[in-house]
Amino acid sequence: MRARDEQRVERARQRLIQFLAQGHHVLPGSLVERSVRCGKANCRCHAEPPELHGPYLQWSYTRENKRFTRWLSGEQEERYRSRINAARTLRELVSNLERLEIQGVEREEGWGT
Ligand SMILES: [Zn+2]
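None of the values given here were measured: they were computed from a predicted structure.

Criteria and thresholds
- Residues numbered from 1 in each chain as written.
- Predicted model: local features only at pLDDT ≥ 70, side-chain atom pairs only at ≥ 80, totals over all residues.
- Heavy atoms only, no water.
- Donors = N, O, S within 2.8 Å, 3.2 Å for Na, K, Ca; no water.
- Tetrahedral: all angles 85-135°; square planar, octahedral: opposite > 155°, others 65-115°.
- Buried < 20%, exposed > 50% of the residue type's maximum accessible area, 1.4 Å probe, protein only.
- Phe/Tyr/Trp six-rings, centres within 6.5 Å; stacked < 30°, edge-to-face > 60°.
- Helix = DSSP H or I, 4+ residues; strand = E, 2+ residues; numbered from the N terminus.
- Salt bridge = Lys/Arg side-chain N within 4 Å of Asp/Glu carboxyl O.

## Quick word on the coordination of the zinc ion
No. 1: Listed as protein donors to the zinc ion are Cys38 (SG), Cys43 (SG), Cys45 (SG) and His53 (NE2); their distances from the metal cover 2.0 to 2.3 Å.
No. 2: Seen from the zinc ion, its four donor atoms lie at angles of 105 to 117°, and the figure they make is tetrahedral.
No. 3: Look at where the donors of the zinc ion fall in the sequence and you get C-x4-C-x1-C-x7-H.
No. 4: A residue is classified by how much of its surface remains accessible, and Cys45, at 0% relative accessible area, is buried.

This is the structure we're talking about:
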């Protein structure tokens, strides 16, 4: 790999190492606010126009190609939001490192432009 690309890869690697060294918990998935209808037919959430319940917070993640969703209380949100954000940061740092690795190889081999 060319020296400049090598430096870029090294900087990205160091950012990833520093992040990991901070010892974050990481939770994959994402948080979404949802407003919902309940099961009571005469509730305001079934009126026209409907007044839905919520919004409530939902955490969704995929494991072994299966989608899981969990409702979070305010207290659970406090515990887990930072872990979910940390996982996103981790993915971004890894993606960035991989992008620079690809770039370096493409340039070295004269494949890309
Ligand atoms: Zn309702």
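Resuming the write-up.
## Things to note about the packing of aromatic side chains
No. 1: Within the structure shown, the criterion is met by three aromatic pairs.
No. 2: Summarising the aromatic geometry, the rings of Tyr56 and Trp71 are spaced 6.3 Å apart at their centres and angled 85° between planes, so their arrangement reads as edge-to-face. With a gap of 15 residues between them, Tyr56 in strand S2 (residues 53–63) and Trp71 in strand S3 (residues 66–72) connect regions that are remote in the sequence.
No. 3: With relative accessibility at 46%, the residue Trp71 sits in the partly exposed group.

## Some points on the pattern of salt bridges
No. 1: One pass over the full model with this rule turns up six salt bridges.
No. 2: One salt bridge in this structure joins Arg8 and Asp5, with 3.4 Å as the shortest N-O distance. You can see Arg8 and its partner Asp5 sitting in helix H1 (residues 3–21), three residues apart, about one turn around the helix.
No. 3: On the basis of relative accessible area, Arg8 is assigned to the partly exposed category, the value being 24%.
No. 4: Accessibility expressed as a relative area gives 4% for Asp5, which makes it buried.
No. 5: The partner of Glu51 in a salt bridge is Arg44, and the shortest N-O contact between them spans 3.9 Å.
No. 6: Accessibility expressed as a relative area gives 48% for Glu51, which makes it partly exposed.
No. 7: Taking relative accessible area as the criterion, Arg44 reaches 42% and is therefore assigned partly exposed.

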